[in-house]
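Chain by chain, the residues run as shown.
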Amino acid sequence: MKPVSLDGTTGEGGGQLVRVAVCLAALTGKPITITNIRGNRPGKRGGGLKSQHATSISWLADATDAEVQGLSVGSKTLTFAPRSTPIHLAKRKFDIQPDSSAASALLVLQAILPYVLFASNDRAEPVELTIAGGTNVSWSPSFEYFDQVLMPALEERFGIVVERRLDRRGWSHGKLSRGQIWIKVWPIPKGQSIIYSPVADSLHLGPPVVKRIDASVIVPRHSHEELRAELTTRLASHFPQADVAFKLCEDSGSDARWSVLLVAHASGARWGKDILCSLSRNAKSREAFVAQTCEQLSGDLALQVRRGAVDEHLQDQLIVFQALAQGVSSFPRHDSPTSDSQTVSGRAAMLCHSALDGTLKLDKAREPFGHGSLHAKTVRWVVGELIPEAQFFNKGDVVRGTGFALS
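Residues numbered from 1 in each chain as written. Predicted model: local features only at pLDDT ≥ 70, side-chain atom pairs only at ≥ 80, totals over all residues. Heavy atoms only, no water.

An unreviewed UniProt entry annotates the chain as RNA 3'-terminal phosphate cyclase domain-containing protein originating from Hirsutella minnesotensis 3608.

Engineer: What's the story with the domain arrangement of the chain in this structure? I'm lost.
Structural biologist: Note on interface size: it is often stated as the accessible area lost on association of the parts. When cut into domains, the chain gives domain 1 (86–190), domain 2 (212–307) and domain 3 (312–406). Look at where the C-alpha atoms of domain 1 and domain 2 centre, and you get two points 25 Å apart. On the domain 2 side, the residues contacting the 19 residues of domain 1 number 20 residues. Interface area for domain 1 against domain 2, summed over the two sides, is near 1,400 Å², with a carbon-plus-sulfur share of 56%. Of all residues in domain 1, the largest losses of buried area upon contact with domain 2 belong to Gln148, Trp171 and His173, amounting jointly to 43% of the total for that side. At the junction of domain 1 with domain 2, the criterion picks out two salt bridges. We note a salt bridge from Arg169 to Glu250, for which the minimum N-O separation is 2.9 Å. On inspection of domain 1 and its partner domain 2, the count reaches six residue pairs in polar contact (both at pLDDT 80 or more). Its residues placed into classes, the side of domain 1 that touches domain 2 shows six nonpolar, eight polar and five charged. (Domains from an automatic or database assignment. Contact = heavy atoms within 4.5 Å. Buried area = accessible area lost by both parts, 1.4 Å probe. Salt bridge = Lys/Arg side-chain N within 4 Å of Asp/Glu carboxyl O. Polar contact = N/O pair within 3.5 Å; in protein donor to acceptor, adjacent residues only side chain to side chain. Nonpolar A, V, L, I, M, F, W, Y, C, P; charged D, E, K, R; others polar.)

Engineer: How should the sheet that holds strand E10 (residues 243–251) be read in this particular structure?
Structural biologist: Strand pairing in a sheet is mediated by backbone hydrogen bonds. Such pairs are either parallel or antiparallel. Taken in spatial order, the four strands make up an open sheet running E10-E9-E11-E12, and their pairing is mixed. Each of the sheet's edge strands pairs with one partner strand only, and the pair in question is E10 and strand E12 (269–277). For this sheet the average axis-to-axis angle between neighbouring strands, irrespective of direction, equals 10°. As judged from the eight bridges shared by strand E9 (residues 212–219) and E10, these two strands associate in the parallel manner. Note that in E10 the partner of Ala215 across the bridge is Phe246. (Pairing = 2+ DSSP bridges. Helix = DSSP H or I, 4+ residues; strand = E, 2+ residues; numbered from the N terminus. Axes fitted to C-alpha atoms, helices over the stretch in contact; angles between N-to-C directions.)

Engineer: So what exactly am I meant to see when it comes to the nonpolar core here?
Structural biologist: Generally speaking, soluble globular proteins have nonpolar side chains that are buried together. Ranked by internal contacts, the top residues of the largest apolar core, which has 85 residues, are Trp59, Phe80, Leu129, Phe158 and Val383. There are two domains that each give this core at least three residues, and those are domain 1 (86–190) and domain 3 (312–406). In terms of nonpolar packing, the next biggest core, distinct from the first, is built from 26 residues, Val219, Leu231, Phe239 and Leu262 among them. (Core = buried A, V, L, I, M, F, W, Y, C linked by side-chain atoms within 4.5 Å. Buried < 20%, exposed > 50% of the residue type's maximum accessible area, 1.4 Å probe, protein only.)

Engineer: Just checking my understanding: could you explain helix H2 (residues 51–64) for this structure?
Structural biologist: Because each turn of an α-helix spans 3.6 residues, side chains separated by three or four positions end up pointing in the same direction. For H2, spanning 14 residues, the distance from its first C-alpha to its last is 20 Å, which sits close to the expected 20 Å at 1.5 Å a residue. Here H2 lies mainly inside the structure; twelve of its 14 residues are buried. For H2, the set of buried residues is Ser51, Gln52, His53, Ala54, Thr55, Ser56, Ile57, Trp59, Leu60, Ala61, Ala63 and Thr64. Contact partners of the buried residues in H2: helix H1 (15–28), strand E3 (67–69), strand E4 (78–81), strand E5 (93–96), helix H3 (105–117) and strand E6 (127–133). (Expected span 1.5 Å × (residues − 1).)

Engineer: It is not clear to me how the side chain of Ser373 should be interpreted in this structure. Could you clarify?
Structural biologist: Structurally, Ser373 can be placed in the loop between helix H8 (344–357) and helix H9 (374–386). Among the residues examined, Ser373 registers a relative accessible area of 15% and is labelled buried. Filtering out sequence-adjacent residues up to four positions away, Ser373 remains in contact with Glu312, Gln315 and Asp316.

Engineer: Before we go on, may I ask you to explain the sheet that holds E5 in this structure?
Structural biologist: With mixed pairing, four strands are arranged side by side in an open sheet as E5-E6-E8-E7. Each edge of the open sheet carries a strand with a single partner, namely E5 and strand E7 (161–168). Each strand axis lies, on average, 15° off the axis of its neighbour in the sheet, ignoring direction. Pairing of E6 with strand E8 (residues 179–186), which is carried by seven bridges, proceeds in the antiparallel orientation. By the bridge assignment, Ala132 is partnered in E8 with Gln180.

Engineer: Would you mind going over the pairing of strand E2 (residues 32–35) with me for this structure?
Structural biologist: A regular strand places its side chains on the two faces of the sheet in alternate fashion. Alignment of strand E1 (residues 4–7) against E2, held across four bridges, turns out to be parallel. In the strand pairing of E2, Val4 is matched with Ile32. Since E1 and E2 lie parallel, the crossover through H1 that links them has a hand, and here it is right-handed. Looking at chain direction, E2 and E4 are connected through three bridges and run antiparallel. Among the inter-strand pairings, Thr33 is bridged to a residue of E4, identified as Thr79. (Right-handed = clockwise from strand over helix to strand, strands pointing away.)

Engineer: What's the story with the packing of aromatic side chains in this structure? I'm lost.
Structural biologist: Between two aromatic rings, the relevant description is the distance of the centres plus the angle of the planes. A complete count under the given rule lists nine aromatic pairs for this structure. Ring centres of Trp258 and Phe289 lie 4.9 Å apart, and the angle between their planes is 85°; on these two criteria the pair is classed as edge-to-face. In this pair, Trp258 sits in strand E11 (residues 258–266) while Phe289 sits in helix H6 (residues 286–307), placing the two residues 31 residues apart along the sequence. You can call Phe289 buried: its relative accessible area is 9%. Site record: aromatic cluster; members linked through ring pairs are Trp59, Phe94 and Tyr115. Looking at Arg228, its charged tip hangs above the ring of Phe246, at a distance of 4.4 Å from the centre. (Phe/Tyr/Trp six-rings, centres within 6.5 Å; stacked < 30°, edge-to-face > 60°. Lys NZ or Arg CZ within 6 Å of the ring centre and 35° of its normal.)

Below, the structure written as structure tokens:
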């Protein structure tokens, strides 16, 4: 089979393109060649494969008995040709150890999770993954975001069952530390597909009303009280009807390590917004730094709510699952804030009905396209290259999945 050729500078031109492409290649059995890997990452972030990419690709290569060329840190060209499917995965427990402590454990998981979801065996046994690396790392989702935002969406909308646990926190800020997460995945039974299920919402008029905001605060202990009070005040100005619940207050142990996640909940919808930063030496004062951080987070969360059914990071992470699932799904986002007269789930339902009725225009996935972030646009393009049977409508707002199954 002729490899699917992808230029690594296309769209966002970073690691996400590589992770999605190799995972879908392993899942579908299609060989791929990626050139100019991470070609849009100049300077300190550099081009070529990083440790987290090499780790996940190596795992997928072993799992699929793939023929691989260019699998090394720094490599700018990769050929990946799988020779077996997920249902041939005999082993049920894996310990994944990237060479670098700075490698994101969550990005390694992102690259292999769809593959593991279809690694069912006749005894319906789960697959357990222990993955070392960073859990609070720049340019990567935190474990808290994965646990409180992505996984609930996959559970509620796609019926995906994944147990998860943070064993040890790992940071890229301050002194490097090696963390670890534990994951137990219950694969889709052989011959069956992921099935999309819309969330019921009886209220179809009016913008979303946020009723609860969960906050996870991992900052130096001596700033806990001040940050909690400031967050509560700032959130009240943006979300006057919301109760604020602090799900986690943990001592980060260093002013170099500040990680805060906010999760807004409304009927049929969830949005996350987080920040990973250090107390700047140029800050006027600790009080000013806390006030600025809380206002930025609260304002950014309010903007995410006004822009669509999910936050920008959740949207791009759901596209692969939408394409694999059976059914028509929608997580629409606008490129600018809106005062839509419908609830977000009501708008999504309307778009899905329009796609089924044939009144929405079919998108062409020949290049990155659609609403949302450049990451979302790029994922749609990669999906279009490797799963061309998946269909996109209304600038990517609606996806008709393929009902992918293995037997």
